[in-house]
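# What the coordinates show
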Amino acid sequence: MGKTRVAINGFGRIGRLAFRLGWNESSYDVVHINEVAVVESSAYLAKYDSVHGTWDKAVEVKEGDLLVDGKVVTYSQAKTVAEGPWKEKKIDVVLECTGVFLTREKLQPYFDAGVKKVIVSAPVKEDVLNIVYGCNDTHYDPKKDHLITAASCTTNCLAPVVKVIQENFGIVKGCITTVHNVTNTQTIVDAPNSKKSDLRRGR
């Protein structure tokens, strides 16, 4: 039995870190990346990260695909899940890191293409298991949980702390303040922003 074949959809901040982290993993291979940006940009950003530093792998572009330490990782620029080459590439697991496809309906085309598991890097807006390691990862049932999420960044920071306090002392009520790092939806200089619910993100 061969290694699990993994694809990453969305090669932004989270997708690139997942790619780096999973590169030397022995139980699976990251074999495909789908990202709307050109492959040259993705190769450069995979190699050089302003926060996490330069990756110690050789990253190049070869015939439209990524070449990492001599190993080919195929590349596509599909804008929707249905257009992705999941079936063609025989993908077993997709790391959905676009931040765009957040409902069961929008994620269903993965399963229609033969993908066995989808892990979403943001909360799905329906009854889907949100996993925070150390808090509720034991709830995962591989026989039925084929679509799971890694919860939100705030949840991952808050839940472990709340769990410890709740189990040892109890909580009557609480209030939190989140200080978040800069994300792709925030601009350094004034510019139109797609997050219409918060126009302040444009400056």
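Everything here concerns the structure above.
What you are looking at is a predicted structure, and each value in this text was computed from that prediction instead of being measured. (Residues numbered from 1 in each chain as written. Predicted model: local features only at pLDDT ≥ 70, side-chain atom pairs only at ≥ 80, totals over all residues. Heavy atoms only, no water.)

## Quick word on the side chain of D49
As for its placement among the helices and strands, D49 is situated in strand β3 (residues 48-49). No salt bridge forms around the buried D49; measuring N to O, its nearest opposite-charge neighbour R16 is 4.8 Å away. A distance of 2.8 Å separates a polar side-chain atom of D49 from the backbone nitrogen of V51. Residues in contact with D49, not counting those within four places in the same chain, are L17 and R20. (Helix = DSSP H or I, 4+ residues; strand = E, 2+ residues; numbered from the N terminus. Buried < 20%, exposed > 50% of the residue type's maximum accessible area, 1.4 Å probe, protein only. Lys, Arg positive; Asp, Glu negative; His and termini not counted. Salt bridge = Lys/Arg side-chain N within 4 Å of Asp/Glu carboxyl O. Polar contact = N/O pair within 3.5 Å; in protein donor to acceptor, adjacent residues only side chain to side chain. Contact = heavy atoms within 4.5 Å.)

## Quick word on the sheet that holds strand β5 (residues 59-62)
The strand order across the open sheet formed by nine strands is β5-β6-β7-β2-β1-β8-β9-β11-β10, and the pairing between neighbours is mixed. In this open sheet, the two strands that pair with only one neighbour each are β5 and β10 (129-130). Relative to the sheet, helix α2 (residues 39-47) contacts β5, β6 (65-68) and β7 (71-76), its axis offset from that of β5 by approximately 165 degrees. (Pairing = 2+ DSSP bridges. Axes fitted to C-alpha atoms, helices over the stretch in contact; angles between N-to-C directions.)

## With respect to the pairing of strand β2 (residues 28-34)
Burial within β2 is extensive, with five of its seven residues counted as buried. As paired strands, strand β1 (residues 4-9) and β2 are joined by six bridges and run parallel to one another. Residue pairing across strands places R5 opposite D29, the latter belonging to β2. Regarding the hand of the β-α-β motif, the stretch spanning β1, helix α1 (residues 13-22) and β2 is right-handed. In this structure, β2 lies alongside β7, joined through three bridges in parallel fashion. (Right-handed = clockwise from strand over helix to strand, strands pointing away.)

## Remarks on the nonpolar core
A general feature of soluble globular proteins is that nonpolar side chains tend to end up buried together. If you look at the biggest cluster of nonpolar residues, it comprises 19 residues, and the most contacted ones within it are I8, F19, I33, V59 and L66. Broken down by secondary-structure element, the contributors of at least two residues to this core are β1, β2, α2, β6, β7 and β8 (93-96). The greatest single-element share of this core, amounting to three residues, is contributed by α2. In contact with L66, other than residues within four places in its own chain, are F19, I33, V39, A43, V59, E60, K71, V72, V73 and Y75. F101, Y110, V118 and L147 belong to the second largest nonpolar core, which has 18 residues in total. (Core = buried A, V, L, I, M, F, W, Y, C linked by side-chain atoms within 4.5 Å.)

Coordinates in, geometry out; function isn't part of it.
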